[in-house]
Amino acid sequence: MERIKINDKTLIVVNNEWVLTNPTEFISERKNNKSIEVIEKPLSEIKYESNYQKIIGLNNVADFNPELAIDFEFVKNIDPNKEIFYMVDGIPTHDYRYVYRRLISKKVKEINNLGINQAIAIWGKREGKNGAIQIKTFDKDDVVIPIIIN
């Protein structure tokens with residue numbers, strides 16, 4: 001862990017589920033932990049053209065608290081530079097930063113990309129002109145059952 005070099009173009013993914021919002025502090029607290037596996041992940045995991053130059057995966061992180069993390073599914077599927085209408089758990093917005101802050105420590109249940117025609121049909125020409133993204137998260141009372149694929 002002590003050999004990890006990070007900057008704003010490095011994405012740190014914990015247990016293949018969470019992206020750290022403050023990786024420097026997290027890594028400095030665990031730099032001597034020998035049980036954590038460090039791997040470089042392919043940049044192709046990000047589904048849009050991004051500024052990331054490196055994705056580092058930290059696996060076998062026990063008792064990880066996602067308090068300062070965001071779901072990797074969101075980060076790898078949603079382009080922050082695309083002007084689009086978001087509907088997050090029924091709350092509408094055009095602001096990516098608002099969506100990002102709202103999703104910290106929440107597990108994404110579903111992400112739906114709606115095309116322009118469908119978005120206009122639902123929300124009108126002003127909101128739907130660039131399409132829309134619907135994001136649903138798990139409630140605190142929902143049971144999240146992990147799926148293991150071999």
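Residues numbered from 1 in each chain as written. Predicted model: local features only at pLDDT ≥ 70, side-chain atom pairs only at ≥ 80, totals over all residues. Heavy atoms only, no water.

### A short note on the overall build of the chain
Then step 1. Scanning the chain from N- to C-terminus turns up four helices and nine strands.
Then step 2. Sequence-ordered secondary structure for the chain, helices as α and strands as β, is β-β-α-β-β-β-α-β-β-α-β-α-β.
Then step 3. Taken over the C-alpha atoms alone, the chain extends approximately 55 × 35 × 30 Å along its principal axes.
Then step 4. Each of the 150 residues in the chain was classed as buried or not, and the buried ones make up 36%.
Then step 5. Expressed as a percentage of contacts within the chain between residues at least 6 apart in sequence, the contacts between residues at least 24 apart total 63%.
Then step 6. Of the accessible surface of the chain, which amounts to about 9,700 Å², a share of 47% is contributed by carbon and sulfur atoms.
Then step 7. On the chain, the mean spot of the 22 positive side-chain charges and the mean spot of the 22 negative ones are 3 Å from each other. (Helix = DSSP H or I, 4+ residues; strand = E, 2+ residues; numbered from the N terminus. Buried < 20%, exposed > 50% of the residue type's maximum accessible area, 1.4 Å probe, protein only. Contact = heavy atoms within 4.5 Å. Areas by Shrake-Rupley, 256 points an atom, 1.4 Å probe, with all protein chains shown as cover. Lys, Arg positive; Asp, Glu negative; His and termini not counted. Charge placed at Lys NZ, Arg CZ, Asp CG, Glu CD.)

### Things to note about the nonpolar core
Then step 1. Counting 20 residues, the largest nonpolar core has Leu 11, Phe 74, Val 75, Tyr 86 and Ile 135 as the members making the most contacts within it.
Then step 2. Those elements that place two or more of their residues in this core are strand S1 (10–14), helix H2 (72–77), strand S6 (85–88), helix H3 (96–103) and strand S9 (132–137).
Then step 3. Excluding residues within four positions of it along the chain, Val 75 makes contact with Leu 11, Val 19, Ile 46, Tyr 48, Tyr 52 and Ile 70. (Core = buried A, V, L, I, M, F, W, Y, C linked by side-chain atoms within 4.5 Å.)

### A few points about the packing of aromatic side chains
Then step 1. Per the counting criterion, the structure on display carries six aromatic pairs.
Then step 2. Ring geometry for Phe 74 versus Tyr 96: centroids 5.6 Å apart, planes at 20°, classification stacked. Of this pair, Phe 74 sits in helix H2 while Tyr 96 sits in helix H3, and the two are 22 residues apart along the sequence. Accessibility assignment for this pair places Phe 74 and Tyr 96 in one class, buried.
Then step 3. Each residue in the set Phe 74, Tyr 86, Tyr 96 and Tyr 100 is aromatic and connected to the rest through ring pairs, giving one cluster.
Then step 4. Above the ring of Trp 18, the side-chain terminus of Lys 107 is found at 4.9 Å from the ring centroid. (Phe/Tyr/Trp six-rings, centres within 6.5 Å; stacked < 30°, edge-to-face > 60°. Lys NZ or Arg CZ within 6 Å of the ring centre and 35° of its normal.)

### So, the sheet that holds strand S5 (residues 69–71)
Then step 1. A sheet is described by the order of its strands in space; here five strands give the open sequence S3-S4-S1-S2-S5, paired in mixed fashion. Across the chains shown, the open sheet's two edge strands, defined by having one partner strand only, are strand S3 (37–41) and S5. Neighbour to neighbour, the strand axes of the sheet diverge by 30° on average, direction disregarded.
Then step 2. In this structure, S3 lies alongside strand S4 (residues 54–59), joined through five bridges in antiparallel fashion. Within S4, the residue paired with Ile 39 across the bridge is Gly 57.
Then step 3. In the packing of helix H1 (residues 23–30) onto the sheet, contacts are made with S1, strand S2 (18–20) and S4, and the angle to S1 comes to roughly 55°. (Pairing = 2+ DSSP bridges. Axes fitted to C-alpha atoms, helices over the stretch in contact; angles between N-to-C directions.)

### A word on the environment of Gly 57
Then step 1. Among the secondary structure elements, Gly 57 is positioned in strand S4.
Then step 2. In this structure Gly 57 comes out as buried when scored by relative accessible area, which is 1%.
Then step 3. C-alpha of Gly 57 to C-alpha of Trp 18: the two residues are 39 residues apart in sequence and 9.7 Å apart in space.
Then step 4. Among all residues touching Gly 57, those that are not within four sequence positions of it are Val 13, Glu 37, Val 38, Ile 39 and Lys 41.

### A short note on the pattern of salt bridges
Then step 1. The full count for this structure, using the stated rule, is six salt bridges.
Then step 2. A salt bridge links Glu 17 to Lys 107; its shortest N-O distance comes to 3.4 Å. With Glu 17 in the loop between S1 and S2 and Lys 107 in the loop between H3 and strand S8 (108–114), this pair connects stretches of sequence that are 90 residues apart.
Then step 3. Arg 126 serves as the salt-bridge partner of Glu 127, at 3.0 Å between the closest nitrogen and oxygen.
Then step 4. Residue classification places Glu 127 among the buried residues on the basis of a relative accessible area of 17%.
Then step 5. Arg 126 gets classed as exposed once you look at its relative accessible area, which sits at 65%. (Salt bridge = Lys/Arg side-chain N within 4 Å of Asp/Glu carboxyl O.)

Distances and angles like these do not, on their own, reveal function.
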